[in-house]
Amino acid sequence: NSKQRVAFAKQLKPFLKKIKHSEREIIMSHICLQWNDVKLPKLMMNWDQVRELRDAGHYIGSHTVTHAMLGTMDNSEELRHELSESASRINKELGYFPRSISYPVGSYNEETIQLAKETGYVCGLAVHQDEYAPDKENLFAIKRIELYNEPWWKTKLRISNKLEAIKKVVRYR
């Protein structure tokens, strides 16, 4: 039933974040076959909506083709494709090559950084929930805060960096 599916998904998500991309793809294909009544979203926004954001003054950077966790990919050509195809598509649709890559789920490694540089990106946005230090910041591991559809008080704690401190206290009890 739907309650069991949600409970299963809550347990599955952290597990999927810890395994290699190729293994995750196999598991997800099996799940899609079993639960064929659920359609995974292909695009969160269409290109007209993205152009509207650009025209309103927002900068649109790259976030890969398939939202793959780049740091778990062991196929260099597949990783290179995620980085280059996303940039090419933005260039085609918006008229400029994106300067930044925001790593999905903050997942990256040294190979990701190297290939991002080779692709032509100028910086990479990671997920690190600690203080921003511009003098020590690696341009391919710039800190960002992930925001979710959650209660306002939790978002406020996340933005102020207090949520991570609370999590640390709770973990060590």
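Everything discussed here concerns the structure shown above.
Reading guide: rules and limits
- Residues numbered from 1 in each chain as written.
- Predicted model: local features only at pLDDT ≥ 70, side-chain atom pairs only at ≥ 80, totals over all residues.
- Heavy atoms only, no water.
- Phe/Tyr/Trp six-rings, centres within 6.5 Å; stacked < 30°, edge-to-face > 60°.
- Buried < 20%, exposed > 50% of the residue type's maximum accessible area, 1.4 Å probe, protein only.
- Helix = DSSP H or I, 4+ residues; strand = E, 2+ residues; numbered from the N terminus.
- Polar contact = N/O pair within 3.5 Å; in protein donor to acceptor, adjacent residues only side chain to side chain.
- Contact = heavy atoms within 4.5 Å.
- Core = buried A, V, L, I, M, F, W, Y, C linked by side-chain atoms within 4.5 Å.
- Expected span 1.5 Å × (residues − 1).
- Arc of directions from axis to C-beta.
- Salt bridge = Lys/Arg side-chain N within 4 Å of Asp/Glu carboxyl O.

Draft legend 1. A look at the packing of aromatic side chains. Per the counting criterion, the structure on display carries 3 aromatic pairs. Judged by centre distance (4.8 Å) and plane angle (20 degrees), the ring pair of tyrosine 103 and tyrosine 108 falls under stacked. Judged by its relative accessible area of 0%, tyrosine 103 falls in the buried class. With a relative accessible area of 23%, tyrosine 108 lands in the partly exposed category.

Draft legend 2. How the structure looks around the side chain of serine 107. Its place among the elements puts serine 107 in the loop between strand 1 (100-102) and helix 5 (110-119). Look at serine 107 and you get buried, because its relative accessible area is 11%. From its side chain, serine 107 meets the backbone nitrogen of glycine 71 in a polar contact 3.0 Å long. Once residues lying within four places of it in the same chain are set aside, the contact partners of serine 107 are Met69, Leu70, Gly71 and Thr72.

Draft legend 3. Region of the structure containing the nonpolar core. Core analysis: the largest hydrophobic core is formed by 14 residues, its most contacted members being Leu83, Tyr103 and Tyr121. Of all elements in the fold, only helix 4 (76-94) and helix 5 reach the threshold of two or more residues within this core. Counting residues in hydrophobic clusters, the runner-up holds 5 residues, among them Trp47, Val50, Ile90 and Leu94.

Draft legend 4. Main features of helix 4. Between the first and last C-alpha of helix 4 there are 27 Å, a value that for 19 residues agrees with the 27 Å anticipated at 1.5 Å per step. When helix 4 is considered as a whole, its buried residues turn out to be Leu79, Glu82, Leu83, Ser86, Ala87, Ile90, Glu93 and Leu94. What you see down the axis of helix 4 is that its buried residues fit within an arc of 145 degrees, all on one side. Exposed residues pointing more than 90 degrees away from the buried face of helix 4 are listed as Glu77 and Lys92. Check the buried side of helix 4 and you find it contacts helix 3 (47-55), strand 1 and helix 5. Two residues or fewer past helix 4, glycine 95 is found with a positive phi of approximately 85 degrees.

Draft legend 5. Representation of unusual backbone geometry within the structure. Even without being glycine, threonine 64 reaches a positive phi, approximately 80 degrees. Here threonine 64 lies in the loop between helix 3 and helix 4. With a relative accessible area of 11%, threonine 64 lands in the buried category. Backbone geometry at valine 105 places phi at a positive 60 degrees, although glycine is not the residue there. Counting through the fold element by element, valine 105 comes out in the loop between strand 1 and helix 5. You can call valine 105 partly exposed: its relative accessible area is 25%.

Draft legend 6. The arrangement of the pattern of salt bridges in detail. Under the defined criterion, the tally for this structure stands at 8 salt bridges. For glutamate 93, the salt bridge is made with arginine 51, and the minimal N-O distance between the two is 2.7 Å. With glutamate 93 in helix 4 and arginine 51 in helix 3, this pair connects stretches of sequence that are 42 residues apart. The residue arginine 80 makes a salt bridge to glutamate 118 at a minimum N-O spacing of 3.2 Å. Here the residue arginine 80 occupies a position in helix 4, and glutamate 118 occupies one in helix 5, the gap between them amounting to 38 residues. With a relative accessible area of 28%, arginine 80 lands in the partly exposed category.

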